[in-house]
Amino acid sequence: MATQTTPVPRAFPFVRAAITLQTLTIFLQAVSAGLLLTTSYGQTLHSVGARVMYGASMLYVLAAVLAWKPGGGPVRPVWEASGFLVLASVQVVLGVAHVPSVHLPLGVAMFGLSVLALARR
């Protein structure tokens, strides 16, 4: 008697790598925010880091779309990645506008959510 097995979902290492990069860049933004307060080069480092973090969020969207559409993966990571890109956009606007009362807590929330997304992959 043959037993039926459910197919194991395929892994998408590019998505995991993109989430890892995003999580790392968000963490480095927290470090550079501390340097922003204590060193002369902190502002430059934080500004460059913001661009890198935004690029990592875009890479996450790209990886999720590539895993979903041609790769046959679920659509949920696309929505999650898009949400992160929206949060990153809001974060950049708040940083440029110098609204630390929202910018800092949002950064902490983004890091927590990114760690959570990474743990689920």
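Further up the page is the structure itself.
Reading the values: the criteria
Residues numbered from 1 in each chain as written. Predicted model: local features only at pLDDT ≥ 70, side-chain atom pairs only at ≥ 80, totals over all residues. Heavy atoms only, no water. Salt bridge = Lys/Arg side-chain N within 4 Å of Asp/Glu carboxyl O. Helix = DSSP H or I, 4+ residues; strand = E, 2+ residues; numbered from the N terminus. Buried < 20%, exposed > 50% of the residue type's maximum accessible area, 1.4 Å probe, protein only. Expected span 1.5 Å × (residues − 1). Arc of directions from axis to C-beta. Contact = heavy atoms within 4.5 Å.

> Before we go on, may I ask you to explain the pattern of salt bridges in this structure?
Once the charged atoms of two side chains with opposite charge are near each other, the side chains can pair. Tallied over the full model, the rule gives three salt bridges. Close ionic contact of arginine 76 with glutamate 80 constitutes a salt bridge, the shortest N to O distance being 3.0 Å. Of this pair, arginine 76 and glutamate 80 are both found in helix H3 (residues 76-96), four residues apart, which corresponds to roughly one turn of the helix. Overall, arginine 76 belongs to the exposed group, its relative accessible area being 52%. You can call glutamate 80 buried: its relative accessible area is 18%. One salt-bridge network, held together by shared partners, links Arg76, Glu80, Arg120 and Arg121.

> Looking at this structure, I do not really get helix H4 (residues 100-120). What am I missing?
A turn of α-helix holds 3.6 residues, and therefore any two residues three or four places apart point the same way. For H4, which comprises 21 residues, the first-to-last C-alpha distance of 30 Å matches the rise-based estimate of 30 Å (1.5 Å per residue) to within 8%. Within H4, the full set of buried residues consists of His103, Leu106, Met110, Ser114, Ala117 and Leu118. Along H4, the residues classed as buried sweep out an arc of 105 degrees about the axis, all on the same side. Seen from the open side of H4, the exposed residues pointing more than 90 degrees away from its buried face are Ser101, Leu104, Val108 and Ala119. Those residues of H4 hidden inside the fold are in contact with helix H1 (13-38), helix H2 (42-68) and H3.

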